[in-house]
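Secondary and tertiary structure notes
This is what each chain is made of:
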Amino acid sequence: MVKALRCLVVGIPNAQFAQESIRPEEAVSISFAALPDHTPLSPTLELVVAPLFCADFDALEMIEALGSRGYRGLLRVMTPKLPNRQVVLRELRSHAVRQGMTLEMVEDTGGS
């Protein structure tokens, strides 16, 4: 496990990190199945990035998995364009708040 892990990307295999925003040793991209291998989560972890849904899990499962591991930081959920973004955001935030997390949703524009 990385000692100074600041950013954990789960379920986004082609994730790329901007060199000027984070050092390579501070970020890692893993599959949802590998999450137990990265626990306990680093106390330096500030941000977890995950998709709204994929073949292996969805955002609600990610919220539960992180909450049960004591994560209380920021979860950034990457979404496709949604017809009613506010409804989805409100639902996810209500679950995240119960786990002590902050949640933000960002539309993924990198797929084209």
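The rules behind each value
- Residues numbered from 1 in each chain as written.
- Predicted model: local features only at pLDDT ≥ 70, side-chain atom pairs only at ≥ 80, totals over all residues.
- Heavy atoms only, no water.
- Helix = DSSP H or I, 4+ residues; strand = E, 2+ residues; numbered from the N terminus.
- Contact = heavy atoms within 4.5 Å.
- Areas by Shrake-Rupley, 256 points an atom, 1.4 Å probe, with all protein chains shown as cover.
- Lys, Arg positive; Asp, Glu negative; His and termini not counted.
- Charge placed at Lys NZ, Arg CZ, Asp CG, Glu CD.
- pLDDT = per-residue confidence, 0-100.
- Buried < 20%, exposed > 50% of the residue type's maximum accessible area, 1.4 Å probe, protein only.
- Pairing = 2+ DSSP bridges.
- Axes fitted to C-alpha atoms, helices over the stretch in contact; angles between N-to-C directions.
- Phe/Tyr/Trp six-rings, centres within 6.5 Å; stacked < 30°, edge-to-face > 60°.

**Digging into the overall build of the chain**
Helix and strand content of the chain: two helices and five strands. Mapped from its N terminus to its C terminus, the chain presents α and β elements in the order β-β-β-α-β-α-β. For the chain, the spread of C-alpha atoms along the three principal axes comes to 40 × 35 × 25 Å. Partitioning the contacts of the chain with sequence separation of at least 6, the portion at a separation of at least 24 is 66%. Taken as a whole, the chain presents about 6700 Å² of accessible surface, with 53% of it coming from carbon and sulfur. Considering the chain, the positive charge centre built from 11 side chains and the negative charge centre built from 13 side chains are found 6 Å apart.

**Digging into the confidence of the model for the chain**
With 90% of its residues at a pLDDT of 70 or more, the chain has an overall mean of 89. Model confidence for the chain, summarised as mean pLDDT per element, is weakest for strand β2 (residues 27-30) at 90 and strongest for helix α1 (residues 59-68) at 97.

**A few points about the side chain of Glu26**
Relative to the elements of secondary structure, Glu26 occurs in the loop between β1 (7-10) and β2. Residue Glu26 is classed as buried on the basis of its relative accessible area of 5%. Once you skip the residues sitting within four places of it in the chain, Glu26 turns out to touch Ala4, Leu5, Arg6 and Cys7.

**What to know about the sheet that holds strand β5 (residues 102-107)**
Taken together, the five strands give an open sheet; going across it, the order is β2-β1-β3-β4-β5, and neighbouring strands pair in parallel fashion. In the strand order of this sheet, the two ends are held by β2 and β5, each with one partner. Taking the axes of each pair of neighbouring strands and ignoring which way they run, one obtains an average angle of 20° across the sheet. Bridge count for strand β4 (residues 74-79) against β5 is six bridges, and the pairing is parallel.

**Looking at the packing of aromatic side chains**
With the rule as written, the count across this model stands at one aromatic pair. Both rings, one in Phe32 and one in Phe57, keep their centres 4.5 Å apart while their planes meet at 20°; by these two values the pair is stacked. Here Phe32 is found in the loop between β2 and β3 (47-51), whereas its partner Phe57 is found in the loop between β3 and α1, with 25 residues between them in sequence.

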